[in-house]
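One letter stands for each residue in the lines below.
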Amino acid sequence: MRVVVAEDTAILRAGLVQLLEEEGHQVAAAVADAEQLRVAVLEHHPDLVVSDIRMPPTHSDEGLRAVIELRAANPDLAVLIFSQYVETQYANRLLAGGSAGVGYLLKERVLDAQDFVDALERVAAGGTALDPEVVNQLMGASPTRNAVTALSPREQEVLALMAEGRSNAAIAAGLVVTERAVEKHVANIFLKLDLPVSAADHRRVLAVLRYLGA
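Read on for an overview of the structure. (Residues numbered from 1 in each chain as written. Predicted model: local features only at pLDDT ≥ 70, side-chain atom pairs only at ≥ 80, totals over all residues. Heavy atoms only, no water.)

1. A few points about the overall build of the chain
Here is step 1: Scanning the chain from terminus to terminus reveals 11 helices and six strands.
Here is step 2: Here the C-alpha radius of gyration of the chain, 17 Å, is about what a compact globule of 214 residues would show, namely 17 Å.
Here is step 3: When its C-alpha atoms are laid out on the principal axes, the chain stretches across 45 × 35 × 35 Å.
Here is step 4: Looking at the 214 residues of the chain, the share that counts as buried comes to 47%.
Here is step 5: Of the contacts formed within the chain by residues at least 6 apart in sequence, a portion of 65% connects residues at least 24 apart.
Here is step 6: Summed over all atoms, the accessible surface of the chain reaches about 10,200 Å², with 51% contributed by carbon and sulfur.
Here is step 7: A gap of 8 Å separates the mean positions of the 19 positive and 29 negative side-chain charges of the chain. (Helix = DSSP H or I, 4+ residues; strand = E, 2+ residues; numbered from the N terminus. Rg over C-alpha atoms; globule rule 2.2 N^0.38 Å. Buried < 20%, exposed > 50% of the residue type's maximum accessible area, 1.4 Å probe, protein only. Contact = heavy atoms within 4.5 Å. Areas by Shrake-Rupley, 256 points an atom, 1.4 Å probe, with all protein chains shown as cover. Lys, Arg positive; Asp, Glu negative; His and termini not counted. Charge placed at Lys NZ, Arg CZ, Asp CG, Glu CD.)

2. Regarding the packing of aromatic side chains
Here is step 1: The full count for this structure, using the stated rule, is one aromatic pair.
Here is step 2: One cation-aromatic arrangement involves Arg54 over Tyr85; the distance from NZ or CZ to the ring centre is 3.5 Å. (Phe/Tyr/Trp six-rings, centres within 6.5 Å; stacked < 30°, edge-to-face > 60°. Lys NZ or Arg CZ within 6 Å of the ring centre and 35° of its normal.)

3. Side note on the pattern of salt bridges
Here is step 1: The final tally for this structure, using the stated rule, is 11 salt bridges.
Here is step 2: Taking the shortest distance from any N to any O, the salt bridge between Arg54 and Glu87 comes out at 3.0 Å. Here the residue Arg54 occupies a position in the loop between strand S3 (48–51) and helix H3 (62–73), and Glu87 occupies one in the loop between strand S4 (78–83) and helix H4 (88–96), the gap between them amounting to 33 residues.
Here is step 3: For Arg54, a relative accessible area of 29% translates into the label partly exposed.
Here is step 4: Note that Arg180 and Glu183 form a salt bridge whose closest N and O atoms lie 3.3 Å from each other. With Arg180 and Glu183 both in helix H10 (residues 179–192) and three residues apart, this pair spans about one turn of that helix.
Here is step 5: Using a relative accessible area of 54% as the deciding quantity, one classes Arg180 as exposed.
Here is step 6: Overall, the relative accessible area of 34% leaves Glu183 in the partly exposed class. (Salt bridge = Lys/Arg side-chain N within 4 Å of Asp/Glu carboxyl O.)

Function cannot be read off these values alone, since they describe shape.
See the structure below:
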């Protein structure tokens, strides 16, 4: 896949480029600020953007705001936020447009390079990759929690893993249960969140958005 990387720390930016290229991906551009990110995306039309949040000139939320603008212009653009911080206001805006092709990972919690690459590839393929801490903070920022709190503890565990972008098979492996058991939990989640079968909607995505309070 073609990737644009936006990271103002030179060493980390070089490390991301090296990791992606070693995995066989093409880094179309590696930039240090949000304005260069906008230009690079318009020029190279990447499959995926990996961006930090706090970049020059103010080191506040330039990267995340740029990603939201880019997704608004092109909803099919896959984006992964890779940061030390959880910005709930803008993260909710990013996810409100749909969680497909969106990731948000925290730098200090990525302990394995292959897990990071797997997350990137999942997002590029239209999936979701959310750090559990991001999910927790977004959930805490949500004013509407009644439907989710009606779920059983196990159903909430399953839904949290769905929000991380995990498949039923991966959830089953993580919880050490059968895939059939996960399917039953997912069916109960859809029922309790009032998400009937519909040809127009993707219930798994809607469940995650409900969970995040979007």
